[in-house]
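Below, each chain spelled out in residue letters.
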Amino acid sequence: MLMDSGKSSLLVVDVQERLLPSINEGDSVLRNCIWLAGVARRLGVPVVVSEQYPAGLGRTTPALLEAAGGSVVEKVHFSCVADGCLAGTAVEARRQVVVVGTEAHVCVMQTVLELRWQGKEVFVVADAVGSRKPADREAALARMRAHGVEIVTREMVAFEWLKRSANDLFREVNRDFIRDN
């Protein structure tokens, strides 16, 4: 199954100021989340950002919030679905959910598995998810894949959302996001 910009939403899970410094390769995860949020906005894909207990973990990093420009929901459950914070958002309304964020083996995985159980088509962006320990990230990706979740890269998402190259939108996204990034 291919991702479709008209059917997709982007869910950014818990990329928060006090958590990010402890994430393995956190700078790369953040850059890829910002990149994909920018592509989503350019293509009209709605972005939803979750924050896990922001009083303790801080808010979403400002650069990512700016790139996302979407709605922010707060939660105390690890899973966004269990918390109910996605009700009324584009994630609830759309069939496909592209997921990025932290931590891969906790909030991302629990949210993703519950979205999958709800019948959503779920895509986890491998180069835009992270955990404190690499082994936890790898185990989470394997477990999600075993449950029918598609594991993709940021460029897979961008090119599938674009669908074709012979238009101004492709040239714009290629210039601003893909080439030299």
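All values reported here derive from a predicted model rather than from experimental measurement.

Enquirer: Provide a residue-level description of the packing of aromatic side chains, including the pertinent values.
Expert: Counted under the stated rule, the structure contains zero aromatic pairs. The cationic tip of Arg154 hangs over the ring face of Trp35; the distance from NZ or CZ to the ring centre is 4.0 Å.

Enquirer: Outline the environment of Gly69, listing residues and values.
Expert: Relative to the elements of secondary structure, Gly69 occurs in the loop between helix H3 (62-68) and strand S3 (71-75). Residue Gly69 is classed as exposed on the basis of its relative accessible area, which comes to 52%. The spatial distance from the C-alpha of Gly69 to the C-alpha of Val48 is 8.6 Å, given a sequence separation of 21 residues.

Enquirer: An account of the pattern of salt bridges is needed here, citing residue identities and associated values.
Expert: Under the definition given, this model contains seven salt bridges. Across the salt bridge formed by Glu51 and Arg59, the nearest N and O atoms sit 2.8 Å from each other. Judged by its relative accessible area of 1%, Glu51 is buried. Close ionic contact of Arg95 with Glu121 constitutes a salt bridge, the shortest N to O distance being 2.4 Å. Here the residue Arg95 occupies a position in the loop between helix H5 (90-93) and strand S4 (96-102), and Glu121 occupies one in strand S5 (residues 121-130), the gap between them amounting to 26 residues. Ionic contacts of the salt-bridge type, sharing partners, join the residues Glu51, Arg59 and Glu74 into one network.

Calculation rules
Residues numbered from 1 in each chain as written. Predicted model: local features only at pLDDT ≥ 70, side-chain atom pairs only at ≥ 80, totals over all residues. Heavy atoms only, no water. Phe/Tyr/Trp six-rings, centres within 6.5 Å; stacked < 30°, edge-to-face > 60°. Lys NZ or Arg CZ within 6 Å of the ring centre and 35° of its normal. Helix = DSSP H or I, 4+ residues; strand = E, 2+ residues; numbered from the N terminus. Buried < 20%, exposed > 50% of the residue type's maximum accessible area, 1.4 Å probe, protein only. Salt bridge = Lys/Arg side-chain N within 4 Å of Asp/Glu carboxyl O.

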